[in-house]
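Given next are the chains, with one letter for each unit.
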Amino acid sequence: MARRRNGYPLKIERSYYRGLAKLIREWQKIAFRVADAQLRHYLINGTKMLTDADNSRNPEWTNYVQQTLNLMSVDMENTVTDQILHDMTMRFVYAVNQFSANKTRVHQANVQMKMGPYALNPLRDNAKLREYTWGKILENTNLIKTMQGRYIDQLKGDIYRIVNDGGGLTDISHAISNRTGMALRHADLIATDQTGKILAQIDAYRNKQAGSTRYIWRSMEDKRVRLKHRELDGKEFKYDDPNGGDNGQLPGEPIRCRCYQEAVD
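A. Structural detail: the overall build of the protein chain. Each helix and strand in the protein chain was counted, giving 7 helices and 5 strands. Reading the helices (α) and strands (β) of the protein chain from amino to carboxyl end gives α-β-β-α-α-α-α-α-β-α-β-β. Counting across all 265 residues of the protein chain, residues that qualify as buried make up 48%. The contacts of the protein chain with a sequence gap of at least 6 include a subset with a gap of at least 24, amounting to 79%. Accessible area of the protein chain: about 14,000 Å², with a carbon and sulfur share of 51%.

The structure is reproduced here in C-alpha coordinates:
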(Lines give C-alpha, C1' and ligand atoms only; values in the text may rest on other atoms or scores of the structure.)
Protein backbone atom coordinates (compact mmCIF):
# COMPACT_ATOMS: atom_id res chain seq x y z
CA MET A 1 0.00 0.00 0.00
CA ALA A 2 1.34 3.44 -0.91
CA ARG A 3 2.14 5.69 2.01
CA ARG A 4 -0.25 8.61 2.28
CA ARG A 5 0.97 12.12 1.61
CA ASN A 6 2.52 13.66 4.71
CA GLY A 7 0.60 16.58 6.17
CA TYR A 8 3.41 17.74 8.49
CA PRO A 9 5.92 20.39 7.28
CA LEU A 10 9.12 18.58 8.25
CA LYS A 11 11.30 20.65 5.89
CA ILE A 12 10.03 23.88 7.46
CA GLU A 13 10.67 22.53 10.95
CA ARG A 14 14.23 21.48 10.05
CA SER A 15 14.92 24.80 8.33
CA TYR A 16 13.81 26.67 11.46
CA TYR A 17 16.04 24.47 13.60
CA ARG A 18 19.04 25.13 11.34
CA GLY A 19 18.48 28.86 11.73
CA LEU A 20 18.39 28.53 15.51
CA ALA A 21 21.44 26.27 15.49
CA LYS A 22 23.38 28.84 13.46
CA LEU A 23 22.74 31.46 16.15
CA ILE A 24 23.88 29.07 18.88
CA ARG A 25 27.07 28.20 16.99
CA GLU A 26 27.88 31.91 16.81
CA TRP A 27 27.57 32.15 20.59
CA GLN A 28 29.83 29.12 20.91
CA LYS A 29 32.49 30.69 18.66
CA ILE A 30 32.52 33.82 20.83
CA ALA A 31 32.89 31.75 24.01
CA PHE A 32 35.81 29.75 22.59
CA ARG A 33 37.48 32.93 21.35
CA VAL A 34 37.19 34.60 24.75
CA ALA A 35 38.50 31.52 26.55
CA ASP A 36 41.49 31.14 24.23
CA ALA A 37 42.43 34.79 23.74
CA GLN A 38 41.61 36.34 27.12
CA LEU A 39 41.08 33.81 29.90
CA ARG A 40 44.19 31.86 28.86
CA HIS A 41 46.34 34.61 30.42
CA TYR A 42 45.15 33.52 33.84
CA LEU A 43 45.88 29.83 33.40
CA ILE A 44 48.93 27.77 34.31
CA ASN A 45 50.10 25.84 31.24
CA GLY A 46 46.55 25.88 29.91
CA THR A 47 45.26 23.72 32.73
CA LYS A 48 44.82 25.41 36.11
CA MET A 49 43.64 28.86 37.11
CA LEU A 50 46.23 30.95 38.93
CA THR A 51 45.64 31.41 42.65
CA ASP A 52 45.78 34.83 44.30
CA ALA A 53 49.24 34.00 45.67
CA ASP A 54 50.53 33.01 42.22
CA ASN A 55 49.16 36.21 40.77
CA SER A 56 50.10 38.61 43.54
CA ARG A 57 51.45 41.16 41.08
CA ASN A 58 47.91 41.52 39.66
CA PRO A 59 45.48 41.36 42.59
CA GLU A 60 42.59 42.50 40.40
CA TRP A 61 42.69 39.43 38.15
CA THR A 62 39.37 38.08 39.43
CA ASN A 63 37.70 41.37 38.50
CA TYR A 64 39.30 41.11 35.06
CA VAL A 65 37.83 37.64 34.59
CA GLN A 66 34.40 38.96 35.54
CA GLN A 67 34.70 41.91 33.16
CA THR A 68 35.81 39.57 30.39
CA LEU A 69 32.73 37.39 30.87
CA ASN A 70 30.48 40.45 30.94
CA LEU A 71 31.95 41.61 27.62
CA MET A 72 31.47 38.09 26.27
CA SER A 73 27.78 38.38 27.17
CA VAL A 74 27.48 41.65 25.29
CA ASP A 75 29.17 40.16 22.22
CA MET A 76 26.75 37.23 22.24
CA GLU A 77 23.73 39.49 22.64
CA ASN A 78 24.92 41.59 19.70
CA THR A 79 25.06 38.62 17.32
CA VAL A 80 21.37 39.05 16.57
CA THR A 81 19.14 42.15 16.55
CA ASP A 82 15.44 42.30 17.33
CA GLN A 83 14.77 42.91 13.64
CA ILE A 84 16.72 39.80 12.60
CA LEU A 85 14.82 37.70 15.15
CA HIS A 86 11.51 39.15 14.01
CA ASP A 87 12.28 38.43 10.35
CA MET A 88 13.44 34.91 11.16
CA THR A 89 10.36 33.98 13.18
CA MET A 90 8.05 35.71 10.70
CA ARG A 91 9.42 33.62 7.82
CA PHE A 92 8.90 30.49 9.90
CA VAL A 93 5.33 31.26 10.96
CA TYR A 94 4.34 32.42 7.47
CA ALA A 95 5.84 29.24 5.98
CA VAL A 96 3.79 27.02 8.31
CA ASN A 97 0.70 29.05 7.52
CA GLN A 98 1.31 28.76 3.78
CA PHE A 99 1.86 25.01 4.13
CA SER A 100 -1.51 24.80 5.87
CA ALA A 101 -3.13 26.93 3.15
CA ASN A 102 -1.75 24.74 0.38
CA LYS A 103 -2.83 21.57 2.15
CA THR A 104 -6.28 22.96 2.76
CA ARG A 105 -6.69 23.96 -0.88
CA VAL A 106 -5.92 20.41 -1.95
CA HIS A 107 -8.55 18.88 0.34
CA GLN A 108 -11.04 21.73 0.65
CA ALA A 109 -11.52 23.61 -2.62
CA ASN A 110 -14.26 25.75 -1.12
CA VAL A 111 -11.79 27.29 1.36
CA GLN A 112 -9.91 28.88 -1.52
CA MET A 113 -13.11 30.54 -2.65
CA LYS A 114 -13.81 31.92 0.81
CA MET A 115 -10.27 33.03 1.67
CA GLY A 116 -9.26 34.41 -1.71
CA PRO A 117 -5.95 33.96 -3.55
CA TYR A 118 -2.66 34.07 -1.62
CA ALA A 119 0.20 36.34 -2.50
CA LEU A 120 3.43 36.94 -0.57
CA ASN A 121 1.53 37.50 2.65
CA PRO A 122 -1.01 34.67 3.00
CA LEU A 123 -2.67 36.37 6.00
CA ARG A 124 -3.72 39.61 4.38
CA ASP A 125 -7.38 38.65 3.88
CA ASN A 126 -8.07 37.13 7.28
CA ALA A 127 -7.90 39.26 10.42
CA LYS A 128 -8.11 36.32 12.84
CA LEU A 129 -5.28 34.42 11.20
CA ARG A 130 -3.23 37.60 11.00
CA GLU A 131 -3.74 38.29 14.70
CA TYR A 132 -2.92 34.69 15.63
CA THR A 133 0.26 34.53 13.56
CA TRP A 134 1.57 37.87 14.80
CA GLY A 135 1.12 36.49 18.31
CA LYS A 136 3.11 33.38 17.37
CA ILE A 137 5.86 35.54 15.83
CA LEU A 138 6.16 37.44 19.12
CA GLU A 139 6.08 34.20 21.12
CA ASN A 140 8.85 32.62 19.06
CA THR A 141 10.97 35.75 19.24
CA ASN A 142 10.69 35.66 23.02
CA LEU A 143 11.50 31.94 23.09
CA ILE A 144 14.76 32.61 21.24
CA LYS A 145 15.64 35.52 23.52
CA THR A 146 14.99 33.36 26.56
CA MET A 147 17.16 30.59 25.12
CA GLN A 148 19.96 33.08 24.46
CA GLY A 149 19.74 34.57 27.96
CA ARG A 150 19.79 31.12 29.52
CA TYR A 151 22.81 30.08 27.46
CA ILE A 152 24.77 33.18 28.46
CA ASP A 153 23.88 33.11 32.16
CA GLN A 154 24.44 29.38 32.57
CA LEU A 155 27.74 29.43 30.67
CA LYS A 156 29.01 32.30 32.80
CA GLY A 157 28.01 30.31 35.87
CA ASP A 158 29.87 27.28 34.54
CA ILE A 159 33.04 29.30 33.99
CA TYR A 160 32.82 30.96 37.42
CA ARG A 161 32.56 27.53 39.06
CA ILE A 162 35.54 26.26 37.09
CA VAL A 163 37.58 29.29 38.17
CA ASN A 164 36.64 28.79 41.82
CA ASP A 165 37.45 25.08 41.63
CA GLY A 166 40.89 25.76 40.12
CA GLY A 167 39.98 24.34 36.71
CA GLY A 168 41.69 25.17 33.46
CA LEU A 169 41.17 25.85 29.77
CA THR A 170 40.27 22.25 28.99
CA ASP A 171 37.53 22.34 31.63
CA ILE A 172 36.20 25.62 30.23
CA SER A 173 36.21 24.21 26.68
CA HIS A 174 34.25 21.17 27.82
CA ALA A 175 31.77 23.43 29.62
CA ILE A 176 31.25 25.49 26.43
CA SER A 177 30.68 22.36 24.35
CA ASN A 178 28.28 20.86 26.89
CA ARG A 179 26.30 24.07 27.25
CA THR A 180 26.11 24.43 23.46
CA GLY A 181 24.81 20.87 23.15
CA MET A 182 22.05 21.65 25.65
CA ALA A 183 21.12 24.79 23.73
CA LEU A 184 20.97 22.86 20.45
CA ARG A 185 18.61 20.33 22.02
CA HIS A 186 16.50 23.21 23.33
CA ALA A 187 16.41 24.69 19.82
CA ASP A 188 15.28 21.35 18.42
CA LEU A 189 12.47 21.27 20.98
CA ILE A 190 11.37 24.80 20.03
CA ALA A 191 11.38 24.02 16.30
CA THR A 192 9.42 20.79 16.61
CA ASP A 193 7.00 21.97 19.27
CA GLN A 194 6.16 25.29 17.63
CA THR A 195 5.74 23.75 14.17
CA GLY A 196 3.24 21.21 15.48
CA LYS A 197 1.27 23.66 17.57
CA ILE A 198 1.01 26.37 14.91
CA LEU A 199 0.01 23.90 12.21
CA ALA A 200 -2.58 22.26 14.47
CA GLN A 201 -4.32 25.50 15.35
CA ILE A 202 -4.25 27.03 11.86
CA ASP A 203 -5.40 23.77 10.24
CA ALA A 204 -8.27 23.49 12.71
CA TYR A 205 -9.36 27.08 12.09
CA ARG A 206 -9.34 26.66 8.32
CA ASN A 207 -11.05 23.28 8.39
CA LYS A 208 -13.83 24.49 10.67
CA GLN A 209 -14.27 27.62 8.56
CA ALA A 210 -14.72 25.31 5.58
CA GLY A 211 -17.48 23.47 7.40
CA SER A 212 -15.65 20.41 8.73
CA THR A 213 -16.78 19.21 12.16
CA ARG A 214 -14.54 16.14 12.44
CA TYR A 215 -10.95 15.14 11.72
CA ILE A 216 -8.81 12.02 11.49
CA TRP A 217 -5.66 11.81 13.64
CA ARG A 218 -2.63 11.14 11.45
CA SER A 219 0.87 10.32 12.73
CA MET A 220 4.25 10.47 11.01
CA GLU A 221 4.34 6.66 11.09
CA ASP A 222 7.97 6.45 12.21
CA LYS A 223 9.78 5.17 15.30
CA ARG A 224 9.68 8.60 16.97
CA VAL A 225 5.88 8.53 17.29
CA ARG A 226 4.91 7.99 20.94
CA LEU A 227 2.84 4.92 21.79
CA LYS A 228 -0.33 6.85 22.60
CA HIS A 229 -0.25 8.62 19.24
CA ARG A 230 0.33 5.36 17.39
CA GLU A 231 -2.90 4.19 18.98
CA LEU A 232 -4.69 7.40 17.95
CA ASP A 233 -3.44 7.17 14.35
CA GLY A 234 -6.35 6.75 11.94
CA LYS A 235 -9.05 7.42 14.53
CA GLU A 236 -11.74 10.02 13.94
CA PHE A 237 -12.60 12.76 16.42
CA LYS A 238 -14.91 15.72 16.69
CA TYR A 239 -13.51 19.25 16.76
CA ASP A 240 -13.78 21.02 20.14
CA ASP A 241 -14.40 17.73 21.97
CA PRO A 242 -12.67 18.04 25.39
CA ASN A 243 -12.29 14.27 25.47
CA GLY A 244 -11.18 13.89 21.85
CA GLY A 245 -7.68 13.41 20.51
CA ASP A 246 -4.98 13.40 23.19
CA ASN A 247 -6.97 14.53 26.23
CA GLY A 248 -8.70 17.22 24.20
CA GLN A 249 -5.56 18.28 22.31
CA LEU A 250 -5.40 18.31 18.54
CA PRO A 251 -2.69 16.45 16.62
CA GLY A 252 0.45 18.58 16.92
CA GLU A 253 -0.55 20.32 20.15
CA PRO A 254 1.10 17.97 22.69
CA ILE A 255 4.74 18.81 23.31
CA ARG A 256 7.03 17.76 20.43
CA CYS A 257 4.12 16.18 18.56
CA ARG A 258 4.48 15.89 14.78
CA CYS A 259 1.06 14.41 14.15
CA TYR A 260 -1.48 16.28 12.05
CA GLN A 261 -5.19 16.34 11.34
CA GLU A 262 -7.00 15.29 8.20
CA ALA A 263 -10.36 17.03 7.93
CA VAL A 264 -13.44 14.92 7.32
CA ASP A 265 -15.68 16.64 4.76
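B. Expanded view of the packing of aromatic side chains. Across all of its chains, the model carries 5 aromatic pairs by this definition. Measuring from centroid to centroid gives 3.8 Å for Tyr 16 and Phe 92, while their planes differ by 10°, and the two rings are stacked. Taken together, the residues Tyr 16 in helix α1 (residues 10-37) and Phe 92 in helix α3 (residues 82-107) connect sequence positions 76 residues apart. In terms of burial, Tyr 16 and Phe 92 fall into one category: buried. Here Trp 27 and Tyr 151 contribute two aromatic rings whose centre-to-centre distance is 5.5 Å and whose plane-to-plane angle is 45°, an arrangement assigned as tilted. Taken as a pair, Trp 27 in helix α1 and Tyr 151 in helix α5 (residues 127-164) lie far apart in primary sequence, 124 residues in all. Taken individually, Trp 27 and Tyr 151 each receive the classification buried, so the pair is uniform in this respect. Linked through ring pairs, Tyr 215, Trp 217, Phe 237 and Tyr 239 together constitute an aromatic cluster.

C. Region of interest: the environment of Asn 97. Looking at where Asn 97 falls in the secondary structure, it is placed in helix α3. Accessibility expressed as a relative area gives 0% for Asn 97, which makes it buried. Remark: the alpha-carbon pair of Asn 97 and Ile 198, spanning 101 residues in sequence, is separated by 7.9 Å. Only 3.1 Å separates the side chain of Asn 97 from the side chain of Arg 206, close enough to count as a polar contact.

D. Local environment of the environment of Gln 66. One can find Gln 66 in helix α2 (residues 61-77). Put simply, Gln 66 and Tyr 160 are 94 residues apart on the chain and 8.4 Å apart in space, counted from C-alpha to C-alpha.

E. Examining the packing of α5 against helix α6 (residues 169-209) more closely. Remark: α5 packs on α6, axes separated minimally by 10 Å, with the N-to-C direction vectors making an angle of 165°. Relative to α6, the element α5 lies roughly antiparallel. Along this stretch, α5 crosses α6, giving a crossing that reads as right-handed. Class assignment of the residues belonging to the contact of α5 with α6 gives a composition of 17 nonpolar, 7 polar and 9 charged.

F. Quick peek at the nonpolar core. Formed by 51 residues in total, the largest nonpolar core has its most connected members in Tyr 16, Met 72, Met 76, Ile 144 and Leu 155. When contributions to this core are tallied by element, the ones reaching two or more residues are α1, α2, α3, α5 and α6. At 13 residues, the largest contribution of residues to this core is made by α6. Residue contacts for Ile 144: discarding those within four places in its chain leaves Tyr 16, Leu 20, Leu 23, Leu 85, Met 88 and Thr 89. Ranked by size, the runner-up nonpolar core spans 10 residues in total, among them Ala 204, Trp 217, Cys 257 and Cys 259.

G. Focus on the confidence of the model for the protein chain. Summing up the model confidence of the protein chain, the mean pLDDT is 87 and the portion of residues at 70 or higher is 84%. When mean pLDDT is compared element by element in the protein chain, strand β4 (residues 236-238) scores highest at 97, while helix α4 (residues 109-115) scores lowest at 49.

Thresholds applied
- Residues numbered from 1 in each chain as written.
- Predicted model: local features only at pLDDT ≥ 70, side-chain atom pairs only at ≥ 80, totals over all residues.
- Heavy atoms only, no water.
- Helix = DSSP H or I, 4+ residues; strand = E, 2+ residues; numbered from the N terminus.
- Buried < 20%, exposed > 50% of the residue type's maximum accessible area, 1.4 Å probe, protein only.
- Contact = heavy atoms within 4.5 Å.
- Areas by Shrake-Rupley, 256 points an atom, 1.4 Å probe, with all protein chains shown as cover.
- Phe/Tyr/Trp six-rings, centres within 6.5 Å; stacked < 30°, edge-to-face > 60°.
- Polar contact = N/O pair within 3.5 Å; in protein donor to acceptor, adjacent residues only side chain to side chain.
- Axes fitted to C-alpha atoms, helices over the stretch in contact; angles between N-to-C directions.
- Parallel < 35°, antiparallel > 145°, perpendicular 65-115°, else oblique.
- Left-handed = near helix turned anticlockwise from the far one by under 90°.
- Nonpolar A, V, L, I, M, F, W, Y, C, P; charged D, E, K, R; others polar.
- Core = buried A, V, L, I, M, F, W, Y, C linked by side-chain atoms within 4.5 Å.
- pLDDT = per-residue confidence, 0-100.

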